[in-house]
Amino acid sequence: VPEHAELAWILGCLTNVPRLLRLPQWKMKHASQNNEGTVGLLTYPVLQAADILLYKSTRVPVGEDQILHLELAQDIAQHFNKKYGEFFPVPKAILSEL
C-alpha cells in the first residue's frame, strides 16, 4: 500500500530527531552497533505511526514493549492535528496479555 510510505514521509517531516533518539529500541541497537545506528532504526517507528494513523485507528492492541511506539503515534497525531486541523484520531492502547 503506497499510502503507508507516503504518509510515513509526511509524518517524518513533522517528527523531530531528538524525540526518536529517546526510544529504547534506538538506544539498544545503537549501542550494540558500536554507535553506528542506521536511519531505518529511526524511521521505522514513524512508519508504524503511519500504519496506525492511515486507517484512523482509535484503539490499537499492543504489548508492553510497544507502548512507547504508540505514544509516538499519539504525539504525531496531536502535532499534525494542531498544525493542520483535526484529522487523525489520537489512538489509545489496548494492552494485550501474554
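Before reading further, recall that the structure is shown in the block above.
A brief look at the structure comes next. Because the structure is predicted, anything quoted here is derived from the model rather than measured. (Residues numbered from 1 in each chain as written. Predicted model: local features only at pLDDT ≥ 70, side-chain atom pairs only at ≥ 80, totals over all residues. Heavy atoms only, no water.)

### Examining the layout of surface pockets
Applicable threshold: In this analysis a 1.4 Å probe is tested at points of a 1 Å grid over the protein atoms alone, and where it fits but cannot get out there is a cavity; an open set with protein on both sides within 12 Å along at least five of seven lines is a pocket; lining residues have an atom within 4 Å of a point. Grid points are joined across faces, edges and corners, and a volume is the space filled by probe spheres set on the points. The helix count covers DSSP runs of H or I at least four residues long, the strand count covers runs of E at least two residues long, and both are numbered beginning at the N terminus. Three residue categories are used. Nonpolar comprises Ala, Val, Leu, Ile, Met, Phe, Trp, Tyr, Cys and Pro, charged comprises Asp, Glu, Lys and Arg, and polar comprises the others, including Gly.
The calculated volume of the largest pocket comes to roughly 210 Å³. Looking at the largest pocket, the residues that line it are A5, A8, W9, G12, C13, T15, V17, L20, L42, T43, V46 and L47. Listed by contribution, the elements that provide at least two residues to the lining of the largest pocket are α1 (2-12), α2 (17-21) and α4 (39-54). Per-class residue counts for the lining of the largest pocket are nine nonpolar, three polar and no charged.

### What about helix α5 (residues 67-84)?
We count it as follows: Here a helix's expected span is defined as the number of its residues, less one, multiplied by 1.5 Å. Only protein chains enter the accessibility calculation, which uses a 1.4 Å probe; a residue is then buried when its area is under 20% of its type maximum, exposed when over 50%, and partly exposed in between. Any pair of residues with heavy atoms lying within 4.5 Å of one another is described as a contacting pair.
Over its 18 residues, α5 runs 25 Å from end to end, which matches the ideal 26 Å to within 8%, given 1.5 Å per residue. Those residues of α5 that sit buried are H69, L70, L72, A73, Q74, I76, A77, F80 and N81. Buried-residue contacts for α5 involve α1, α2, α3 (24-32), α4, β1 (59-62) and β2 (92-95). Among the residues trailing α5, G85 stands out with phi positive, at a value near 100 degrees.

### So, the packing of aromatic side chains
As a reminder, the rule being used: Pairing of aromatic rings covers Phe, Tyr and Trp, the last through its six-membered ring, and needs centres within 6.5 Å; plane angles under 30 degrees mean stacked, over 60 mean edge-to-face, and all others mean tilted. Lysine NZ or arginine CZ positioned within 6 Å of the ring centre and within 35 degrees of the ring normal marks a charge as sitting over the ring.
Following the criterion strictly, the structure yields four aromatic pairs and no others. Between F87 and F88, the aromatic rings sit 4.9 Å apart at their centres with planes inclined by 85 degrees, giving edge-to-face as the arrangement. Members of the aromatic cluster, each reached through a chain of ring pairs, are F80, Y84, F87 and F88. Sitting over the ring of F87, K56 keeps its end group 3.8 Å from the ring centre.

### Here's the deal with the pairing of β1
As a reminder of what qualifies: Note on handedness: a clockwise path from strand one over the helix to strand two, with the strands aimed away from the viewer, defines a right-handed crossover.
Burial of the side chains of β1 is restricted to one face: V60 and V62 are buried, whereas none of R59 and P61 on the reverse face is. In this fold, the crossover linking β1 to β2 by way of α5 has right-handed handedness.

### Notes on the side chain of T15
Our working definition: We define a polar contact as two N or O atoms separated by no more than 3.5 Å, with the added condition that, inside protein, one atom must be a possible hydrogen donor and the other a possible acceptor, whereas residues neighbouring each other in sequence contribute only through side-chain atom pairs.
Within the secondary structure layout, T15 lies in the loop between α1 and α2. Owing to a relative accessible area of 14%, T15 belongs among the buried residues under this scheme. At a separation of 2.7 Å, a polar atom in the side chain of T15 contacts the main-chain carbonyl oxygen of L11. For T15, the contacting residues outside a window of four places in its chain are L20, V46, L72 and I76.

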